[in-house]
Amino acid sequence: MIIKNICCIGAGYVGGPTMAVIAQKCPHIKVTVVDVNESRINAWNSSNDDDLPIYEPGLAEVVKEARGRNLFFSTNVENAIDEAEMIFISVNTPTKTYGEGKGMAADLKYIELCARQIAKIAKSDKIVVEKSTLPVRTASAIKEILTNTGNGVQYQILSNPEFLAEGTAIEDLFNPDRVLIGGDNTLEGQNAIQSLVEVYSNWVPNDKIITTNLWSSELSKLTANAFLAQRVSSINALSELCEKTGADVNEVAQAIGLDSRIGPKFLKASVGFGGSCFQKDILNLVYIAKSYGLNEVADYWEQVIIMNDHQKRRFAKNISTTLYNTVAGKKITFLGWAFKKDTNDTRESAAIYVADDLLNEQANIAVFDPKVNQKQMLSDLDYLGSRKPSENQKQLTAYDNPYEACHQAHAIAVLTEWDEFKSYDWQKIYDQMLKPAFIFDGRNILDRKALEKIGFVYKAIGS
């Protein structure tokens, strides 16, 4: 099938950037991104780059080039589904907060709603592509819904998981390590795979496009995130040992990273991983393993999450202990709230959980993040439900200026590795802080010797 029209259901962190790049690289294909969230679609259609709902370096330029030419953002879901030969499903699959599998299994209600809507509207054969991160064998459920509730239309289901890192998503899309496409081993399934291969072949070398069966593709995404998170938790576990023994985790990481069998990536000790994928996907993997009676497998992967939660708690505890065992009434300044630099995504950010612990101890939190506003910060805290929203509003204040955020602070905690933090006038910050002036570097990005020379009491993860 020659693809001339693509529809993507879901205009979030995956659907928006992915479709923007496909549209830019494939000007002969009409790409329509649809979402029922009207304000989000309006933001994608805004002529002001700062109004885009997602911040990613390079994204605004890509959207500007393709939007209105062959890239469209719309709330008219039915029309886009009807026109498209290929439909990407890129909706949220959060961890369930209710019923069987609560706290572990992926909530697939939005996936099912998409499938039912496609089945209701489609009048011609469609290729349906799973772009959301899904449990293995979800494709079977999607196909059953489409086949049994549709209009006699023939469907082929493909799995095409994303492997984007937020903050470098556009570069990852331009130059991917690999593009993975899974489908049925039937003639029709292989033809559908080839249709998607031809889309990506417009800019991705063929040797980087890997084709597998559906189940291998679905499981590969969960496995990739689990392995990456495992490395983070492993180095973080060793960071605590380093602090007790006098070793430096950065030196240990450098030494082991030079081993070609290990490599240097994802060996940066920190206050813990965040984002929408790692924790959710590992919990999903744990649930799948338990559902098959593989309890030892489940326990192994669950420990990655346990270690990550422990790292956040002990970072908050270290702040309290160092500040003479109390933070009540003290101003603690957070530099960073996003879960990593170069994104405005705060999902599962370590900052949320560190703030929650300190707020429970009646600290006053001041925050500066170049891309996250106070409304989002308060929403993140309110979602945890540890305190009344009014208490969060009273105890947390966001600032537009980092120097104002640090004024009269008892301590600074670095929670996101924004590059700009390295270039601040730290002498100026030191002069306006209460003494002794503490820095807790949860991301290991600042110059320890320079800061200690100024007079800071500097504490970093793993040293």
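Criteria and thresholds
Residues numbered from 1 in each chain as written. Predicted model: local features only at pLDDT ≥ 70, side-chain atom pairs only at ≥ 80, totals over all residues. Heavy atoms only, no water. Core = buried A, V, L, I, M, F, W, Y, C linked by side-chain atoms within 4.5 Å. Buried < 20%, exposed > 50% of the residue type's maximum accessible area, 1.4 Å probe, protein only. Helix = DSSP H or I, 4+ residues; strand = E, 2+ residues; numbered from the N terminus. Contact = heavy atoms within 4.5 Å. Disulfide = S-S within 2.5 Å. Pairing = 2+ DSSP bridges. Axes fitted to C-alpha atoms, helices over the stretch in contact; angles between N-to-C directions. Salt bridge = Lys/Arg side-chain N within 4 Å of Asp/Glu carboxyl O. Left-handed = near helix turned anticlockwise from the far one by under 90°. Nonpolar A, V, L, I, M, F, W, Y, C, P; charged D, E, K, R; others polar.

Student: Tell me about the nonpolar core, and name the residues and values.
Tutor: Generally speaking, nonpolar side chains in soluble globular proteins are found buried as a group. If you look at the biggest cluster of nonpolar residues, it comprises 42 residues, and the most contacted ones within it are I6, I22, F88, I181, L196 and Y200. Among the elements that take part in this core, helix 8 (residues 187-200) stands out by supplying six residues, more than any other. Other than its neighbours up to four places away in sequence, Y200 contacts F88, K131, N160, V179, I181 and I209. If you look at the next biggest cluster of nonpolar residues, it comprises 37 residues, including V249, L378, L381 and F440.

Student: Which residues make up the state of the cysteines, and what values go with them?
Tutor: Per the stated rule, a full pass over the model turns up zero disulfides. With no disulfide of its own, C26 lies closest to C8 among cysteine sulfurs, the gap being 14 Å.

Student: Describe in detail the sheet that holds strand 12 (residues 411-414), supporting the description with residues and values.
Tutor: Pairing between the strands of a sheet comes from backbone hydrogen bonds, and it takes one of two forms, parallel or antiparallel. Reading across from one edge, 11-10-9-12-13-14 is the order of the six strands in this open sheet, with parallel pairing throughout. Unpaired on one side and paired on the other, strand 11 (396-398) and strand 14 (457-460) mark the two borders of the sheet. This sheet shows a mean twist of 20 degrees between the axes of neighbouring strands, independent of strand direction. Note: strand 12 against strand 13 (residues 438-441), four bridges, orientation parallel. Looking at the pairing, V414 lines up with D441 of strand 13. Strands in contact with helix 14 (residues 374-384) are strand 10 (364-368) and strand 11; relative to strand 11, the strand with the most contacts, it is inclined by about 150 degrees.

Student: Got a sec to walk through the environment of N284? Specific residues and values, please.
Tutor: Structurally, the position occupied by N284 is in helix 11 (residues 278-291). Remark: the alpha-carbon pair of N284 and I256, spanning 28 residues in sequence, is separated by 30 Å.

Student: Let's hear about the pattern of salt bridges: which residues, and what values?
Tutor: With the rule as written, the count across this model stands at 18 salt bridges. Between E162 and K221 there is a salt bridge whose closest N-O contact spans 3.3 Å. In this pair, E162 is assigned in the loop between strand 6 (155-159) and helix 7 (169-174) and K221 in helix 9 (residues 214-245), connecting sequence segments 59 residues apart. For E162, a relative accessible area of 7% gives the class buried. The exposure class of K221 is buried, given its relative accessible area of 3%. Residue R448 is joined to E452 by a salt bridge in which the shortest nitrogen-to-oxygen separation is 3.0 Å. Here R448 pairs with E452, and both are found in helix 18 (residues 448-454), just four residues apart, close to one helical turn. With a relative accessible area of 36%, E452 lands in the partly exposed category. One network of salt bridges, with partners in common, ties together E166, D345 and R347.

Student: Any chance you could break down the environment of V249 for me, citing the residues and the numbers?
Tutor: With respect to the secondary-structure elements, V249 resides in helix 10 (residues 249-257). Judged by its relative accessible area of 1%, V249 falls in the buried class. Not counting the four nearest positions on each side in its chain, V249 is found in contact with I235, S239, C242, A269, I461 and G462.

Student: Would you mind going over the packing of helix 9 against helix 11 in detail, with residue names and values included?
Tutor: Direction vectors running N to C along helix 9 and helix 11 enclose 115 degrees, while the axes themselves pass 9 Å from each other. Helix 9 and helix 11 meet at a crossing whose hand is left-handed. Residue-level contacts link L219, K221, L222, N225, A226, L228 and A229 of helix 9 to F278, D281, I282, N284, L285 and I288 of helix 11. Along the lines of polarity and charge, the residues of the contact of helix 9 with helix 11 split into nine nonpolar, two polar and two charged.

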